[in-house]
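Summary of the model geometry
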Amino acid sequence: MNGDTYDALVIGGGINGLSALYHLKRLGAERVGLVERFEIGHDRGSSHGAARVTRSAYVAPEYVRLMQWVHKEEWPRLEKDLRKKLVYSNPGIYTGPPCERYHSYIHAVTQEGVDVELLTADEARGKFPQFTFEGAESALLDKTGGFISSVEAIESLAALARENGAQIHENTVVHGIDTASDPVKVETSGGTLETERLVVAAGAWAKGLLPFLKPSLNIARQTVGYFTPEDDPDAYRPGRFPVWAYREQDENNLFYGMPEFGRAGVKVGRHLRVGVDDDPDNPPDAIDQEKIDDVKRFIARFFTCKNWTLAGAEHCLYTNAPNEDFIIDLHPENPRIAFGAGFSGHGFKFGPLTGRLLAELAWEGKISIPDAELARRLFSLKK
């Protein structure tokens, strides 16, 4: 593994790391590499699974605005370069009992002029009879919603990187980063790597590599279930069944899901953000049955079909940041190192954009998107 110095090296082979690698090549880096502690596409982090939701509906207008850029520019460019369809349009429905957080969805997308429609609960039940809309007075129909084939995105990005000459070191653990050396030295289980520029996108392992992040991050292992309805399964296919979220005021009271795609079962999960701090190196031996039962209780309350079969389940490892804002910045001791962390369970849909920001920061020391100042202000560790 010891050898020539890289122009740019990336730590982490999830959506952000692979997207950063893709953009580094676009920016002109020739000798590039990536280090991944497991295999590309592994299920220990947060970039695996068949599909991810995409949407414009956000509580914060800043994220709504950036999602318009992602939908119109970044995913289409990536699909063109990868020669793969990755994003599938599918209506999104966002609802919940009247509360500040739910009303913030409505205000933010309306403020930014997104193609949405506010439905009464009765209108929503008419369009999507799969849901009871219990406790809801209204529902926000997001016509920009959809889902992303996450498997295709990860596999295609890795394949393109290899085609373009990138060295991808799988099953390689990073033990430390010498930020004071020039070039930067990265100590790994396979030897020492040297690089002129470095991107750290290590997910739940970021705070071990960058100790100054420890106060800002906590790790929350999510349990996602896949369920097959006994009544009219075609009603839960893409096109007829939306991507959706049910939001209550409490931090941990957000349930979400999407149609069956890429594997058996309708995806349903609970978004846990507070009161949890898991160890990424100690995954449980089995799926937590109580968490599956928790999701089943929600399904019984919110879905009109009452008979479901569990088709499968998986873990997803969130790295949560305060207020769920991403952290994308330059290393405080070395401006040739950029890092991204705290994507808080909603980062995949931004992957081509956040990867671009990481690559531009590391390679050029600044970012160039039209909302550059907004992004720097929103994602800075120093705010």
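Here is a short report on the structure shown in this document. (Residues numbered from 1 in each chain as written. Predicted model: local features only at pLDDT ≥ 70, side-chain atom pairs only at ≥ 80, totals over all residues. Heavy atoms only, no water.)

1. Focus: the pairing of strand 7 (residues 138-142)
Within a regular strand, side chains alternate between the sheet's two faces. Extensive coverage of strand 7 is indicated by the burial of 5 of its 5 residues. Burial of strand 7 is two-sided: the residues S138, L140 and D142 facing one way and the residues A139 and L141 facing the other way are all buried. Pairing analysis gives 4 bridges linking strand 5 (residues 92-95) to strand 7, with the strands arranged antiparallel. For I93, the partnering residue across the bridge sits in strand 7 and is L141. Two strands pair when backbone bridges link them, and strand 6 (residues 116-120) and strand 7 are joined in this way by 5 bridges, in the antiparallel orientation. By the bridge assignment, E117 is partnered in strand 7 with L141. (Buried < 20%, exposed > 50% of the residue type's maximum accessible area, 1.4 Å probe, protein only. Helix = DSSP H or I, 4+ residues; strand = E, 2+ residues; numbered from the N terminus. Pairing = 2+ DSSP bridges.)

2. Some remarks on empty space enclosed by the protein
For the structure on display, the rule yields 2 cavities of 30 Å³ or more. Here the largest cavity defines a volume of roughly 40 Å³. What lines the largest cavity is A50, A51, Y226, M258, P259, E260, F261, R263, G265 and K267. Of the residues that constitute the lining of the largest cavity, the class distribution is 6 nonpolar, 1 polar and 3 charged. Space inside the second largest cavity adds up to approximately 30 Å³. If you trace the second largest cavity, you find it lined by I328, L357, L361, I367, A375, R376 and F379. (1 Å grid on protein atoms, 1.4 Å probe; cavity = no way out; pocket = protein on both sides within 12 Å on 5 of 7 lines; lining within 4 Å. Points joined across faces, edges and corners; volume = space filled by probe spheres on them. Nonpolar A, V, L, I, M, F, W, Y, C, P; charged D, E, K, R; others polar.)

3. So, the pattern of salt bridges
In this structure the tally under the stated criterion is 24 salt bridges. Where D122 meets R125, a salt bridge forms, and the shortest distance between an N and an O atom there is 2.6 Å. Of the two residues, D122 and R125 are both situated in helix 4 (residues 121-127); the distance of 3 residues between them amounts to about one turn of the helix. Owing to a relative accessible area of 56%, D122 belongs among the exposed residues under this scheme. According to the relative accessible area criterion, R125 is partly exposed, its value standing at 31%. Because the salt bridges share partners, they merge into one network encompassing E74, R77, R356 and E360. (Salt bridge = Lys/Arg side-chain N within 4 Å of Asp/Glu carboxyl O.)

4. A short note on the environment of K85
With respect to the element layout, K85 can be found in the loop between helix 2 (61-82) and strand 4 (87-89). Counting along the chain gives 24 residues from K85 to V109, while the straight-line C-alpha distance between them is 26 Å. Among the polar contacts listed, one links the side chain of K85 to the backbone oxygen of V87, at a separation of 3.0 Å. (Polar contact = N/O pair within 3.5 Å; in protein donor to acceptor, adjacent residues only side chain to side chain.)

5. Describing helix 1 (residues 15-27)
Compared with an ideal rise of 1.5 Å per residue, which puts 13 residues at 18 Å, helix 1 spans 18 Å between its outermost C-alpha atoms and is within 8% of the ideal. Of all the 13 residues making up helix 1, 10 are buried; the element is thus mostly covered by neighbouring parts of the structure. Those residues of helix 1 lying buried are I15, N16, G17, L18, S19, A20, L21, Y22, H23 and L24. Trailing helix 1 by a residue or two, G28 shows a phi angle of about 115 degrees, which is positive. (Expected span 1.5 Å × (residues − 1).)

6. Re the sheet that holds strand 3 (residues 51-54)
Taken in spatial order, the 3 strands make up an open sheet running 3-8-4, and their pairing is antiparallel. Looking at the sheet topology across the chains shown, the edges are occupied by strand 3 and strand 4. The mean angle between the axes of side-by-side strands here comes to 30 degrees, regardless of whether they run parallel or antiparallel. Summarising the sheet, strand 4 and strand 8 (residues 146-149) pair through 3 bridges and their orientation is antiparallel. (Axes fitted to C-alpha atoms, helices over the stretch in contact; angles between N-to-C directions.)

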